[in-house]
Amino acid sequence: MKTRCISLTMVLVLSFIAVFVLINQAHGAGYALIEQGVSGLGNAYSGGAASALDATTIFYNPAGLTRFNSPQIIGAGHLIIPSAKFTNEGSTHILQPRTGVPLKGDNGEDAGVTAFVPNLYYSMPIGQKMSFGIGINSPFGLETNYGNTWVGRYHAIKSAMITINVNPTIAYKVSDQFSVGAGVSVQYIKAELTNAIDFGTMDALGVFAPLKLGLTPQMADGFAKLKGDSWGVGFNLGALYEFTKETRMGVSYRSRIKQKLKGDAEFSGVPTGLGVLPVFKNGGITAEVTLPDSASASIYHDINNQWAVMADITWMGWKTFDELRIKFDNPAQSDAVTTTKWNNAMRYSAGLSFKPIDKLTLRTGVAYDETPIGEAQYRTPRIPDTDRTWIAFGAGYKISERINFDCGYVHIFFRNTETNKTPVGEDAVRGGLKGTYKGYVNILSLQLTYMF
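Residues numbered from 1 in each chain as written. Predicted model: local features only at pLDDT ≥ 70, side-chain atom pairs only at ≥ 80, totals over all residues. Heavy atoms only, no water.

Caption draft 1: Structural detail: the overall build of the protein chain. Across its full length, the protein chain holds 4 helices and 20 strands. At 24 Å, the protein chain has a C-alpha radius of gyration in line with the 22 Å of a compact globule built from 452 residues. The dimensions of the protein chain, computed from C-alpha atoms along their principal axes, are 80 × 40 × 30 Å. Classification of the 452 residues of the protein chain by burial places 54% in the buried group. A separation of at least 24 residues holds for 73% of the contacts in the protein chain among residues at least 6 apart in sequence. Carbon and sulfur atoms provide 60% of the accessible area of the protein chain, an area that totals close to 19,300 Å². Here the protein chain carries 40 positive and 36 negative side-chain charges, and the mean point of each set is 3 Å from the other. (Helix = DSSP H or I, 4+ residues; strand = E, 2+ residues; numbered from the N terminus. Rg over C-alpha atoms; globule rule 2.2 N^0.38 Å. Buried < 20%, exposed > 50% of the residue type's maximum accessible area, 1.4 Å probe, protein only. Contact = heavy atoms within 4.5 Å. Areas by Shrake-Rupley, 256 points an atom, 1.4 Å probe, with all protein chains shown as cover. Lys, Arg positive; Asp, Glu negative; His and termini not counted. Charge placed at Lys NZ, Arg CZ, Asp CG, Glu CD.)

Here you go:
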């Protein structure tokens, strides 16, 4: 039994790495990715910590593993198709009172980037009361890309982040009704950020004094690319209580993971006259990012043999993301800082399932996600987040006694939102970006479960 467990674990890890290599240029859309399984997606993940329909419960509540009497392996994939369009509404430039020239540029490309996000899970019972599982997924990810000519290019052009999370778990059945579970998360993160640099405005403001290069503001752009990666470790906990065979409640917690990224800064398009200065030289960088913790409480109830209802409330500890600060190994280069001041946020969801026949389950659900961004001045174009509403549909079909197939579709409505930055402080040279974002996300998901 132990040998088989190790072998299957290695297969899962190697398979996920192979998929990661293939999609390395796609990255996840958004920052937190709740799409960690498909059986729950059709209900908008409203059963999260309580449903425990299959081994995807490793992510949502490891205690749910005690509900399964035989080993199972799951492969799932999500095609995430986002749209984020910006409309400039009077962005300003620090020299505008002197020159009359505003922050120039177009509205940019649709910043949403289509991504494929895979999940892999394996679980097996160990004796009568204990179960083991391992999940491999990507709980955080993002990519936005506006193109090089948009009005906010000094704030951001491309922002990309991907995580790979390996999550071995153990669950124990304390009694016939109560189970607990715990796991360790070993997480890899990789990030890339790019933006333009307004050397013309810096020259006009005397940043390079005593040098005076005669560059024209907004017409002598350079380019910065920052890349880094890191490994971090966290944990997850869960508990599941079954009041009856029809009704159960679950609670779960995923810890913060502190990542200390190291990487490189590459500068291009630097005016030749700046070669005598020690700034804007290629070199090493570091950055610290604390990925947020989360806590969920869910309830699941079978009304009868055909109908089931479920609901969930989830808290996300986004307050850890107060700023994005990148430090350069070059002592002459000052830190690159973006103030974010995010707040903790809540997610609410409810769902309904219907079995017209024994082999088929139809699902639907709704959810409401609060944005952690409190004020428009802190909405960075790297992550132009806003409140969102989910409408989800899905289906599960039992192909045979050993094979289940699940599919799902979600449309996420974004509330139109604003960014309103002023050309002072850290944004003095970046410009006073002002405008409105409109967007949405479509998600198409498939999952195959094999039970031994």
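Resuming the write-up.
Caption draft 2: Spatial organisation of the nonpolar core. Ranked by internal contacts, the top residues of the largest apolar core, which has 34 residues, are Tyr31 and Phe280. Only β6 (178–198), α4 (199–204), β7 (221–242), β9 (257–268), β10 (283–291) and β13 (323–328) provide two or more residues apiece to this core. Each residue touching Phe280, except ones within four places of it in the same chain, is listed here: Ile197, Phe199, Met202, Phe208, Phe267, Val270 and Gln333. In terms of nonpolar packing, the next biggest core, distinct from the first, is built from 23 residues, Ile58, Ala392, Val441 and Ile443 among them. (Core = buried A, V, L, I, M, F, W, Y, C linked by side-chain atoms within 4.5 Å.)

Caption draft 3: Representation of a nonpolar patch on the surface within the structure. A grouping of Leu79, Phe116, Val366, Ile391, Phe393, Tyr409, Phe413 and Leu444 is seen on the molecular surface, where their side chains present a nonpolar patch of about 660 Å² in accessible area. Elements with a minimum of two residues in the nonpolar patch: β17 (388–398) and β18 (403–414). Relative to the helices and strands, Phe413 is located in strand β18. We classify Phe413 as partly exposed; its relative accessible area is 42%. (Patch = residues over 30% accessible without salt bridge, like charges linked within 9 Å, V, L, I, M, F, W, Y side chains within 5 Å. Salt bridge = Lys/Arg side-chain N within 4 Å of Asp/Glu carboxyl O.)

Caption draft 4: A look at the pairing of β7. Pairing of β6 with β7, which is carried by 21 bridges, proceeds in the antiparallel orientation. Directly across from Ser179, in β7, lies its bridge partner Leu240. Relative to β9, β7 runs antiparallel, the two being bridged by 7 bridges. Considered in β9, the bridge of Gly228 is made with Gly263. Alignment of β7 against strand β8 (residues 247–254), held across 7 bridges, turns out to be antiparallel. Bridging from a neighbouring strand, Asn236 pairs with Arg254 of β8. In sequence, β7 turns back onto β8 through a hairpin of 4 residues. (Pairing = 2+ DSSP bridges.)

Caption draft 5: Looking closely at the pattern of salt bridges. Under the definition given, this model contains 16 salt bridges. The closest approach of N and O atoms between Lys158 and Glu192, which form a salt bridge, is 3.7 Å. Of this pair, Lys158 sits in strand β5 (residues 158–173) while Glu192 sits in strand β6, placing them 34 residues apart in sequence. Look at Glu192 and you get buried, because its relative accessible area is 19%. Measuring nitrogen to oxygen at the nearest pair gives 4.0 Å for the salt bridge that ties Arg430 to Glu426. When its relative accessible area of 18% is taken as the criterion, Arg430 is described as buried. Residue classification places Glu426 among the partly exposed residues on the basis of a relative accessible area of 31%. When salt bridges with common partners are traced through the structure, they connect Lys421, Glu426, Asp427 and Arg430 into a single cluster.

Caption draft 6: Structural view of the pairing of strand β16 (residues 360–369). With burial as the criterion, only one face of β16 is covered, namely that bearing Thr361, Arg363, Gly365, Ala367 and Asp369; the residues Leu360, Leu362, Thr364, Val366 and Tyr368 on the opposite face remain uncovered. The sheet contact formed by strand β15 (residues 345–357) and β16 spans 9 bridges and is antiparallel. Opposite Leu352, over in β16, you have Thr364 as the bridge partner. When β16 meets β17, the two strands line up antiparallel, connected through 10 bridges.

Caption draft 7: Structural detail: the packing of aromatic side chains. Evaluated as defined, the whole model comprises 24 aromatic pairs. A ring pair is formed by Tyr45 and Trp390, whose centres lie 6.3 Å apart and whose planes are at 80°; its orientation type is edge-to-face. Of this pair, Tyr45 sits in the loop between α1 (2–23) and α2 (57–60) while Trp390 sits in strand β17, and the two are 345 residues apart along the sequence. Here the two residues Tyr45 and Trp390 agree in accessibility, since each one is buried. Connected via pairs of aromatic rings, a cluster forms that spans Tyr31, Phe140, Trp318, Phe321 and Trp342. Sitting above the plane of the Trp390 ring, Arg347 keeps its charged end 4.6 Å from the centroid. (Phe/Tyr/Trp six-rings, centres within 6.5 Å; stacked < 30°, edge-to-face > 60°. Lys NZ or Arg CZ within 6 Å of the ring centre and 35° of its normal.)

Caption draft 8: Molecular detail of the side chain of Asn167. By the secondary structure assignment, Asn167 is in strand β5. Its relative accessible area of 0% is what places Asn167 among the buried residues. Within polar-contact distance, the side chain of Asn167 engages the side chain of Asn236 at 3.1 Å. Beyond its immediate chain neighbours, meaning those up to four positions away, Asn167 contacts Ile58, Gly133, Ile134, Gly135, Gly183, Val184, Ser185, Asn236 and Arg254. (Polar contact = N/O pair within 3.5 Å; in protein donor to acceptor, adjacent residues only side chain to side chain.)

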